[in-house]
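# Observations on chain architecture
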Amino acid sequence: MKKVLFMLSSMNIGGVEKSFLSLLSKIPKDKYKITLLLLEKKGGFLELIPDWVTIEEATWFKELKPIIMQPPQQTILDYKMKHEFIKIPTFIYSYILSEKLFKDRHIYYKHVFKVIPEHEDTYDIAISYQGPTETIDYYIANRVKAKKKISWIHFDVSKHQINRKLYTKLYREFDNIFVVSHEGKEKLNERIPSIRNKVAVFKNIISTQLINKMSEVEIDFEENYKGIKIVTVGRLTKEKGQDLAIKILARLRDNGYEVRWYCIGEGEHRKEYENLIEQYGLKKDFLLIGAKTNPYPFIKKSDIYVQTSRHEGYCLTLAEARCLNKPIVTTDFTGVKEQIVNNDTGLIVSFNEDELYLAVKELINNPHLRQQFSNKLLREQNETIIKEEKIAQLI
């Protein structure tokens, strides 16, 4: 039985975590012994991990987290408070070399990871699944013993700020780098040309059958509301662009359209968006309904699905809306043209308030076009099938 280690930050409700759950569903449990190592053992999807998977928590991360996340001045103050004065000079030295002189975060991580021991087990394969994430990638590259190492990139590296010198060194320790879209692969190759021969596309996994089954769950979704229902799914963050959606709904309402917009997801920008909703007088019409482990009934009962992202690696929520054959308006981010054909299976626009407003308005005004998009998606083969041989190729 092959031993495989996956490493993620947590099992919060998000696209990467959801794609990991889908991947697990395709792995034959009688052939692979799976261990999931989390930086923090928490998250709404944690309970969905099957019982045949061993879940571990990186206990060392609690000590490392503040050093990585907080300003260096605070780390120095913490050392003073703990009377750990001997640590201060080497910390300052490594920080200056890394951030000021050489702009190479590998120097910094090499210093802060000095106290982190190697993982006790040896694996056939170790996968940094949430790449690019510096802590996880460094740990897999330098603290895990495995015959084969893979970094799995789910984000657009042209938008996700990565330290080129750090990742040039880290990726030397990996045998393969998987990227979730062809466009994302090209952007990674442009950023770090030296790894071109290691990079391959491995798209996120979705199950049309499972999504359709889960979409049948009964929910109370304002059945008496007679206007147009728009749904957007994603964390409440700047990259997902819900701020733009709020402004567009305000314009639609000002122009007499009977529309409600439902945002499924949670995140650090909730308060900002709540203030924006109040500013535009949309408390009854732009609804932040929180994170849902099963958003599919809401998508299914919507009239239009809108993806407002500033950037993505491969948008899983868009793929799920496609599975449910919803009329779609989406912004033009990395990988979107691998999912939607503009004016054929949906509308693709720039991340621009005017363009997005006009596209949403067009679908509201044109039920025939909405039906045309839905029918075309219905005819597509949305199921991504991962055969056993494909999983074996990972090993």
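Coordinates for the structure precede this section.
A few points on the structure. (Residues numbered from 1 in each chain as written. Predicted model: local features only at pLDDT ≥ 70, side-chain atom pairs only at ≥ 80, totals over all residues. Heavy atoms only, no water.)

What follows covers helix 1 (residues 15-26). Between the first and last C-alpha of helix 1 there are 17 Å, a value that for twelve residues agrees with the 16 Å anticipated at 1.5 Å per step. By the criterion of burial, helix 1 is predominantly enclosed, with nine of the twelve residues buried. The complete set of buried residues in helix 1 reads Val16, Glu17, Lys18, Ser19, Phe20, Leu21, Ser22, Leu23 and Leu24. (Helix = DSSP H or I, 4+ residues; strand = E, 2+ residues; numbered from the N terminus. Expected span 1.5 Å × (residues − 1). Buried < 20%, exposed > 50% of the residue type's maximum accessible area, 1.4 Å probe, protein only.)

With that settled, the discussion passes to the packing of helix 4 (residues 87-101) against helix 5 (residues 105-112). Running from N to C, helix 4 and helix 5 point in directions that differ by 160°, and their axes come no closer than 7 Å. Overall, the two elements helix 4 and helix 5 adopt an arrangement that is roughly antiparallel. Contacts between helix 4 and helix 5 involve Thr90, Phe91, Ser94, Tyr95, Leu97, Ser98 and Glu99 from the former and Arg105, Ile107, Tyr108 and His111 from the latter. Tallied by class, the residues present in the contact of helix 4 with helix 5 amount to five nonpolar, four polar and two charged. (Axes fitted to C-alpha atoms, helices over the stretch in contact; angles between N-to-C directions. Parallel < 35°, antiparallel > 145°, perpendicular 65-115°, else oblique. Contact = heavy atoms within 4.5 Å. Nonpolar A, V, L, I, M, F, W, Y, C, P; charged D, E, K, R; others polar.)

Running from N to C, helix 3 (residues 72-81) and helix 4 point in directions that differ by 170°, and their axes come no closer than 10 Å. Judged by the angle between their axes, helix 3 and helix 4 are roughly antiparallel. Contacts from Pro72, Thr75, Ile76, Tyr79 and Lys80 of helix 3 reach helix 4 at Lys87, Ile88, Phe91, Ile92 and Tyr95. Partitioning the contact of helix 3 with helix 4 into residue classes produces seven nonpolar, one polar and two charged.

As a volume, the largest pocket reaches approximately 1,300 Å³. Around the largest pocket, the lining is made up of 49 residues, and of these Ser9, Glu17, Gln130, Phe155 and Arg235 lie nearest the centre. Counting residues per element, the ones that place at least two in the lining of the largest pocket are helix 1, helix 2 (61-69), helix 6 (134-143) and helix 13 (316-323). (1 Å grid on protein atoms, 1.4 Å probe; cavity = no way out; pocket = protein on both sides within 12 Å on 5 of 7 lines; lining within 4 Å. Points joined across faces, edges and corners; volume = space filled by probe spheres on them.)

Before going further, it helps to examine helix 10 (residues 242-254). An ideal rise of 1.5 Å per residue puts 18 Å on 13 residues; helix 10 measures up with 19 Å between its terminal C-alpha atoms. For helix 10, the secondary structure elements touched by its buried residues are strand 9 (259-264), helix 11 (270-279), strand 10 (286-288) and helix 14 (353-365). Immediately downstream of helix 10, the backbone of Gly256 shows phi near 90°, a positive value.

Turning next to the environment of Thr208. Tracing the sequence through the fold places Thr208 in helix 9 (residues 208-214). Each C-alpha atom of the pair Thr208 and Gly14 lies 18 Å from the other, and the pair is 194 residues apart in sequence.

Among the nonpolar cores identified, the biggest contains 53 residues, and Phe6, Leu8, Met11, Phe20, Leu36 and Tyr129 are the most heavily contacted of them. Look past the residues within four positions of Phe20 in its chain and what remains in contact with it is Phe6, Leu8, Met11, Leu36, Ile49 and Tyr129. Counting 41 residues, the second-largest nonpolar core is a separate cluster that includes Tyr79, Phe113, Phe174 and Ile177. (Core = buried A, V, L, I, M, F, W, Y, C linked by side-chain atoms within 4.5 Å.)

This structure, assessed with the given rule, holds 30 salt bridges. For Asp104, the salt bridge goes to Lys169, with nearest N and O atoms at 2.5 Å. Linking Asp104 in the loop between helix 4 and helix 5 with Lys169 in helix 7 (residues 164-170), this pair joins segments that are 65 residues apart in sequence. Lys169 gets classed as partly exposed once you look at its relative accessible area, which sits at 29%. Its salt-bridge partner being Lys187, residue Glu183 comes within 3.8 Å of it at the nearest N-O pair. Here Glu183 and its partner Lys187 are both found in helix 8 (residues 182-191), four residues apart, which amounts to about one turn of the helix. (Salt bridge = Lys/Arg side-chain N within 4 Å of Asp/Glu carboxyl O.)

Moving on to the packing of aromatic side chains. Going through the model one piece at a time under the given rule, you end up with 23 aromatic pairs. A centroid spacing of 5.1 Å and a plane angle of 65° characterise the contact between Phe6 and Phe20, whose relative ring orientation is edge-to-face. Of the two residues, Phe6 is situated in strand 1 (residues 2-8) and Phe20 in helix 1; the sequence distance between them amounts to 14 residues. Residue Phe6 is classed as buried on the basis of its relative accessible area, which comes to 1%. (Phe/Tyr/Trp six-rings, centres within 6.5 Å; stacked < 30°, edge-to-face > 60°.)

Strand order in the open sheet formed by six strands is 10-9-8-11-12-13, and the pairing between neighbours is parallel. Edge positions in the sheet fall to strand 10 and strand 13 (347-349), since each of these pairs with one other strand and no more. Strand-to-strand twist of the sheet, defined as the mean angle between neighbouring strand axes without regard to direction, takes the value 20°. Packed onto the sheet, helix 13 meets strand 8 (228-233), strand 11 (304-307) and strand 12 (328-331) and runs at close to 165° relative to strand 11. (Pairing = 2+ DSSP bridges.)

To continue, consider the sheet that holds strand 3 (residues 54-57). Spatially, seven strands are ordered 3-2-1-4-5-6-7 in an open sheet, and the strand pairing comes out parallel. Two strands bound the open sheet, and with one partner strand each, they are strand 3 and strand 7 (199-201). The average undirected angle you get between the axes of adjacent strands in this sheet is 25°. When strand 5 (residues 145-153) meets strand 6 (residues 176-179), the two strands line up parallel, connected through four bridges. Residue pairing across strands places Ile150 opposite Asn176, the latter belonging to strand 6.

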